[in-house]
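A structural walkthrough
The residues making up each chain are set out below.
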Amino acid sequence: MINDRLVDAGELPIAVRDFGGDQPALLLLHGAGGNLSMMTTLARALRPRHRVITMDLRGHGRSGDGAWSWDAALGDIAAVTVQMELSRPAVAGHSLGGMLATLWGQRHPESPGVVSLDGNPPPSRPEQVPDLEPAVAAAELARLTTVFDTLHAGMGRTIPAEELPDLVERQQMAARDMGANEKVWIEGFRRNLAHRNGETTMRPSAETAGSLRTLMNDLDLGPVYAATPTPTLAVLATRDLPEQEPFADLYAAHRRFLLDQAAAGAKANPRMRYLQLEDASHAMVIEQPDLLAALIGDFLAGGH
């Protein structure tokens, strides 16, 4: 039976959804701007082999607000494992959640394994696209930064009541376009709406989004891959999202960089493995949940 609860992480409450069962525990972490609802389809696919627990990261969904740092978020995960009485849980995550899973493995050698589902920072520096001409790389990164600046400017905005029905309809259309479960998609959208003092705003806030952007831009997972003491699997995307297509050359170069980074980590560290998921974009959790559930389950069962 699925159970929702709030966990006291000390500084703030963390919202948790427990899918139940007596199989080995697996914490499943969502990406930036998401929430636990968006991992529902993958969680259901994993449930036959794991007791799956999802959680809203701080500043998302129904969890509390607090300053963002890698240490703070990893502390929230630790609080969930203690209060949910999880013994040596595996951790898997998508995007930001994948970065957290990888960092968890670095610090928790007792974990049976961690899985990152395209948990990589976006391209923001020339060294992340080394096979592009420097002038081309600089121009494309500047153009991408402008896009992210525009998105950031709209984070946490107040939504007039009359706009909500139209936004929900747009989300329904997006779910259909992606082939996603429409009910789950809309639950995820509504879960990030905050209602206070008669106003509705979208989470995460602009402050949280800015902190996450800085943290991800500064993160280098290469040394983590090369030295992590925990069995680690990185699942890499192989194609663009529609919104990435105007930057096709930049993202293709970045995927090559990520592949080289993962391969170097695997060469240096027998606990590190990686694979490129055929016909998968950054939205792989929506596109191929059953295949990902099989990959995660097999890896954690000892396939590594």
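Residue numbering note: each chain is counted from 1, following its sequence as written. Totals for whole chains, interfaces and linings use every residue, but because this is a predicted model, local features are given only for residues with pLDDT of at least 70 and side-chain atom pairs only at 80 or more, for both listing and counting. In computing side-chain values, all of the structure's heavy atoms are included and hydrogens and water are not.

**Regarding unusual backbone geometry**
With an omega dihedral of 0°, the bond running from Arg-203 to Pro-204 counts as a cis peptide bond. Here a strand is any run of E in DSSP of at least two residues, a helix any run of H or I of at least four, and the numbering for each starts at the N terminus. Position of Pro-204 among the secondary structure elements: in the loop between β8 (199–202) and α7 (206–218). Not every positive phi belongs to a glycine, and Ser-95 is a case in point at roughly 60°. Topologically, Ser-95 is positioned in the loop between β5 (90–94) and α3 (96–107).

**A word on the packing of aromatic side chains**
Any two rings among Phe, Tyr and Trp, with Trp reduced to its six-membered ring, count as a pair given centres within 6.5 Å; such a pair is stacked if its planes are under 30 degrees apart, edge-to-face if over 60, and tilted if neither. In the structure shown here, the tally under the stated rule is one aromatic pair. Ring geometry for Trp-68 and Trp-70: centres 6.5 Å apart, planes at 90°, overall edge-to-face. The two residues Trp-68 and Trp-70 agree in class, both being buried. The buried label applies to any residue whose accessible area, calculated with a 1.4 Å probe on protein chains only, is under 20% of its type's maximum; exposed applies above 50%, and partly exposed to all values in between.

**Quick word on the nonpolar core**
Among the nonpolar cores identified, the biggest contains 37 residues, and Met-55, Trp-70, Val-80 and Leu-100 are the most heavily contacted of them. Contributing elements (two or more residues each) for this core: β2 (13–18), β3 (25–29), β4 (51–55), α2 (70–83), α3, α7, α8 (222–227) and β9 (232–236). For this core, the element with the most residues is α3, which contributes six residues. Contacts between residues were defined by any pair of non-hydrogen atoms, one from each residue, lying within 4.5 Å. Excluding its chain neighbours within four sequence positions, the residues that come into contact with Trp-70 are Leu-96, Met-99, Leu-100, Leu-103, Leu-215, Met-216 and Leu-219. Counting 24 residues, the second-largest nonpolar core is a separate cluster that includes Leu-28, Ala-90, Met-284 and Phe-299. Nonpolar core, defined: a set of buried Ala, Val, Leu, Ile, Met, Phe, Trp, Tyr and Cys residues in which side-chain atoms within 4.5 Å join the residues together.

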